[in-house]
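# Observations on chain architecture
Each chain, letter by letter, is given below.
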Amino acid sequence: MPKPAPMKIGLHHFAKVFTKVSTPVVLMLGPGFMRVAAVDRLFFEGPAGAVSAKLNKVVGHLTLETPNGKFLLAAVGAAGSQPFHPGQEQEIIAAQQLAAQDPQTSQVRLAQTLWIGKPGQVDGSYAGGFRSMRDGEAIKQNQIGRIVYEAMGLAGVAVK
């Protein structure tokens, strides 16, 4: 039986909460495997069982605990973030198309979701947070966060 197609999504890594900058990353999930990488940095690559994830149910961001440290990922980036690199976008689109056609992964909501995060209104201030909520970014972030969280659990990540 062939291996299921990996699922990929474009998220943003935040070094800390209330910050003006985030880094575009590609999250890849497969059975028992996970990878989080920026264009110039590998945050984690290895067994999904070595990772635990917690979903913030109010905001929708994910906190990952890996052997390499703790990472905060969100669907919408900070206002001062760079856009995704065209190579990252192509990688996500191609993987999503394969996952959507794969009988083993097509039932997972992440395989049916094409999302490439973009910078938002969040600029480290309360006003930026309110603008984000007003513009619907918080709703989208929460929706994407739940979809990714569900897929992480299916891939073998310990979800809390």
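Everything below is about the structure printed above this text.
Residues numbered from 1 in each chain as written. Predicted model: local features only at pLDDT ≥ 70, side-chain atom pairs only at ≥ 80, totals over all residues. Heavy atoms only, no water.

Moving on: the pairing of strand β6 (residues 62–66). Only one face of β6 is buried: it carries L62, L64 and T66, and the other face, with T63 and E65, is open. Strand direction decides the pairing type here: strand β5 (residues 52–55) and β6, joined by four bridges, are antiparallel. Opposite A53, over in β6, you have L64 as the bridge partner. Remark: six residues form the turn of the hairpin made by β5 and β6, two consecutive strands paired antiparallel; G60 in that turn has positive phi of roughly 95°. The sheet contact formed by β6 and strand β7 (residues 69–74) spans five bridges and is antiparallel. Note on β7: the bridge partner recorded for L64 is F71. Joining the antiparallel neighbours β6 and β7 is a turn of two residues. (Buried < 20%, exposed > 50% of the residue type's maximum accessible area, 1.4 Å probe, protein only. Helix = DSSP H or I, 4+ residues; strand = E, 2+ residues; numbered from the N terminus. Pairing = 2+ DSSP bridges.)

Now for helix α1 (residues 86–101). Each full turn of the α-helix corresponds to 3.6 residues, which orients residues three or four apart in the same direction. For α1, spanning 16 residues, the distance from its first C-alpha to its last is 23 Å, which sits close to the expected 22 Å at 1.5 Å a residue. Listed in full, the buried residues belonging to α1 are Q88, I92, A95, Q96 and A99. The buried residues of α1 all sit within an arc of 105° when viewed along its axis, so they share a single face. For α1, exposure combined with an orientation more than 90 degrees from the buried face picks out Q90, L98 and Q101. Lining the buried residues of α1 we find β1 (7–14), β2 (23–30) and β3 (33–37). (Expected span 1.5 Å × (residues − 1). Arc of directions from axis to C-beta. Contact = heavy atoms within 4.5 Å.)

Turning next to the nonpolar core. Formed by 35 residues in total, the largest nonpolar core has its most connected members in M34 and M152. Elements supplying a minimum of two residues to this core: β1, β2, β3, β4 (42–47), β5, β6, β7 and α3 (137–155). The biggest single contributor to this core is α3, with seven residues. Contacts of M152, omitting those with residues within four sequence positions, involve L27, L29, M34, A53, L62, L64 and V157. (Core = buried A, V, L, I, M, F, W, Y, C linked by side-chain atoms within 4.5 Å.)

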